[in-house]
Amino acid sequence: MQSNDAAIIRGAAIPTAAVGVLAVAIGAAVAAVDGAVGVALGVLLAAFFFGGGLLSLGYVGRRWPELFFGAAFLIYTTQMVLLAAALFLLRDASFLNARAFAIGVVVGTVAWLGGQVRAHVRIKTPYVVPESAGSPPGGRP
């Protein structure tokens, strides 16, 4: 893992964890233990999906850089479909509050993506490596 990948994951995971703790407290206050469990599972699921997607995208970027955009689109689309499927499958689960779970997923997703965008803006990874000052224009010595 490159250092900028780790910084982006940290930049997204820390706000997600902070918002998740706050959301669990609110879920516990509003819907007791079922609400707290639902929100916690929702936030963890969102963090797991988006963290895994970011790690896999970093792997694809290092291994096959020419496929980066297509892989990013495919990974993000897959994440959204799997999150929707998890919401659908767990809507009638007796061990958690389905509404709190859905809110936890949404809160976790928004916090993760907001943290990821903020981390990308702060890191400012160059897309083009500037040429050295000693080489003549045209690229050949």
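Calculation rules
- Residues numbered from 1 in each chain as written.
- Predicted model: local features only at pLDDT ≥ 70, side-chain atom pairs only at ≥ 80, totals over all residues.
- Heavy atoms only, no water.
- Axes fitted to C-alpha atoms, helices over the stretch in contact; angles between N-to-C directions.
- Helix = DSSP H or I, 4+ residues; strand = E, 2+ residues; numbered from the N terminus.
- Parallel < 35°, antiparallel > 145°, perpendicular 65-115°, else oblique.
- Left-handed = near helix turned anticlockwise from the far one by under 90°.
- Contact = heavy atoms within 4.5 Å.
- Nonpolar A, V, L, I, M, F, W, Y, C, P; charged D, E, K, R; others polar.
- Salt bridge = Lys/Arg side-chain N within 4 Å of Asp/Glu carboxyl O.

1. A word on the packing of helix α1 (residues 3-63) against helix α2 (residues 68-89)
- Where α1 meets α2, the closest approach of the two axes is 10 Å, and the angle between their N-to-C directions is 160°. The orientation of α1 relative to α2 falls into the category roughly antiparallel. As α1 runs across α2, the sense of the crossing is right-handed. Along its contact with α1, which presents Leu 45, Phe 49, Phe 50, Gly 53, Ser 56, Leu 57, Val 60 and Gly 61, the element α2 presents Phe 68, Ala 71, Ala 72, Ile 75, Tyr 76, Gln 79, Met 80, Leu 82, Leu 83 and Ala 86.
- Along the lines of polarity and charge, the residues of the contact of α1 with α2 split into 14 nonpolar, four polar and no charged.

2. Remarks on the pattern of salt bridges
- One pass over the structure, following the stated rule, counts one salt bridge.
- A salt bridge links Asp 5 to Arg 62, with the shortest nitrogen-to-oxygen separation between them at 3.4 Å.

3. So, the packing of α2 against helix α3 (residues 98-123)
- Two elements in contact, α2 and α3, have axes whose closest approach is 10 Å; the angle formed by their N-to-C orientations is 160°. Compared by their axis directions, α2 and α3 come out roughly antiparallel. The handedness of the crossing between α2 and α3 is right-handed. Each of Tyr 76, Leu 83, Ala 86 and Leu 87 in α2 lies in contact with α3, whose residues at this interface are Phe 101, Ala 102, Val 105, Thr 109 and Leu 113.
- Among the residues forming the contact of α2 with α3, the class breakdown is eight nonpolar, one polar and no charged.

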